[in-house]
Amino acid sequence: MGKKKKAADRLVVQNAAKTLFANIRFASVDNPIRSLVLTSSVPNEGKSTVSIQLAAAIAQSGKRVLLVEVDMRRRSLADMLGVHTRGGLYAVLSEQMPLRAAIVPTSQGFDFLDSEPHIPNPVDILASKRFAGLIDKLSRDYDFVVYDTPPVGTFVDAAVLSTLVDATALVVRENFARRDEVANAYEQLRKADANVIGAVMNYCETETSEYYYAYYNKEGKRVKEHDAAAEVAASPAVMPSKRGARSHAAMGPSDTF
């Protein structure tokens, strides 16, 4: 049973990542999104896990994908991916290492560019012309680039980087971040003129069905699926909505991990 449950959970995560990628593509049909910042309002919302799963889903679609570690204060992607790099963003920007030598392949089908720890003045680096030039080159070299950044509610890195990419998505952990923290994070991105295409609801309870919809009553409380019919019969105000779509910041794609 344990192995079957793990396999089912893994399938749910993979399907959610594929759905998220589809929603990102549909978010801007006329101007396709090819570079995306993923951030959150506070730490520990699972943003890096979402970044990895999204990059893997895009790679599985046949596209050439690069995942970039932009958290220069608390990097975690290399350990999560089980890869070792000889250098990262700082080495490339300071011309200590060519870009092709810093980028490493992963077992999940996408490339990875790390960031060295304890880099001084990360915001100054992100705001530099040299970094903007790197962003432009990566967009030319890859079909899609995912940037994993620190929480925007803690550092301004994501807000700065959001001005250089096609779109930004906010990862929100269910029953973790407070409403005001999420709202403030979205407002900070909006003030930076970021193209916020939506929110990704993370750490959600999942049903066995691949296509799970959450139901909400008129008070905004979620109802279990087996109770939904009774709620609908009792109140015509109840409407089915895909999980996470109720978030104030979730104006576009919103999926479950």
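Before reading further, recall that the structure is shown in the block above.
Computed from a predicted model, the values in this text were never measured in an experiment. (Residues numbered from 1 in each chain as written. Predicted model: local features only at pLDDT ≥ 70, side-chain atom pairs only at ≥ 80, totals over all residues. Heavy atoms only, no water.)

Draft legend 1. Inspection of the sheet that holds strand β1 (residues 35-40) at higher detail. One open sheet accounts for seven strands, arranged β3-β4-β2-β5-β1-β6-β7; its pairing is mixed. A single partner strand is all that each edge strand has here, and the edge strands are β3 (104-105) and β7 (196-202). With four bridges connecting them, β1 and strand β5 (residues 144-148) associate as parallel partners. Paired with V37 across the two strands is Y147, which belongs to β5. Along the sheet, helix α7 (residues 129-141) contacts β1, β2 (65-69), β4 (111-113) and β5; its crossing angle with β5, the most-contacted strand, is approximately 140°. (Pairing = 2+ DSSP bridges. Helix = DSSP H or I, 4+ residues; strand = E, 2+ residues; numbered from the N terminus. Contact = heavy atoms within 4.5 Å. Axes fitted to C-alpha atoms, helices over the stretch in contact; angles between N-to-C directions.)

Draft legend 2. Region of the structure containing the side chain of T106. Within the element layout of this structure, T106 appears in the loop between β3 and β4. Among all residues touching T106, those that are not within four sequence positions of it are L81, V83 and F112.

Draft legend 3. Main features of the nonpolar core. Of all hydrophobic cores here, the largest spans 42 residues; its most connected members are L66, V68, L113, F131, L138, Y147 and L161. Ignoring anything within four residues of it in the chain, the contact list for L66 reads I103, D111, F112, L113, L138, Y142, F144, V145 and V146. Grouped together as the second largest cluster of nonpolar side chains are 29 residues, I33, I52, L77 and V104 included. (Core = buried A, V, L, I, M, F, W, Y, C linked by side-chain atoms within 4.5 Å. Buried < 20%, exposed > 50% of the residue type's maximum accessible area, 1.4 Å probe, protein only.)

Draft legend 4. Examining the pairing of β5 more closely. For β5, the tally of buried residues reaches five of five residues, placing the bulk of the element in the interior. Residue alternation in β5 divides its side chains into two sets, F144, V146 and D148 and V145 and Y147, and both sets are buried. Pairing of β2 with β5, which is carried by five bridges, proceeds in the parallel orientation. Bridge pairing in β5 links V68 to Y147.

Draft legend 5. Broad picture of the pattern of salt bridges. Going through the model one piece at a time under the given rule, you end up with nine salt bridges. Note that D148 is salt-bridged to K47, the shortest N-O span being 3.0 Å. With D148 in strand β5 and K47 in helix α2 (residues 47-60), this pair connects stretches of sequence that are 101 residues apart. Each member of the pair, D148 together with K47, is buried. Between D136 and R140 there is a salt bridge whose closest N-O contact spans 2.3 Å. (Salt bridge = Lys/Arg side-chain N within 4 Å of Asp/Glu carboxyl O.)

Draft legend 6. Quick look at the packing of aromatic side chains. A complete count under the given rule lists one aromatic pair for this structure. Taking the centre distance of 6.0 Å and the plane angle of 90° together, the rings of F21 and F144 count as edge-to-face. Pair noted here: F21 is in helix α1 (residues 2-27) and F144 is in strand β5, with a separation of 123 residues, a long-range link. Accessibility classification places F21 together with F144 in one group, the buried group. (Phe/Tyr/Trp six-rings, centres within 6.5 Å; stacked < 30°, edge-to-face > 60°.)

Draft legend 7. Expanded view of the environment of Q188. Residue placement: Q188 occurs in helix α9 (residues 179-191). Classification of Q188 by relative accessible area gives partly exposed; the value is 27%. A C-alpha to C-alpha distance of 8.0 Å links Q188 and G153, two positions 35 residues apart in sequence. The residues contacting Q188, other than those within four sequence positions of it, are V152, F155, V156 and A159.

Draft legend 8. The arrangement of α2 in detail. Taking 1.5 Å of rise per residue, the 14 residues of α2 would be expected to cover 20 Å, and the 20 Å separating its terminal C-alpha atoms lies within 8% of that figure. Of the positions making up α2, those classed as buried are K47, S48, V50, S51, I52, L54, A55, A56, A57, I58 and A59. Phi turns positive one or two residues past the end of α2, at G62, with a value near 100°. (Expected span 1.5 Å × (residues − 1).)

Draft legend 9. Just unusual backbone geometry, in detail. Even without being glycine, N44 reaches a positive phi, approximately 70°. Looking at where N44 falls in the secondary structure, it is placed in the loop between β1 and α2. Overall, the relative accessible area of 47% leaves N44 in the partly exposed class.

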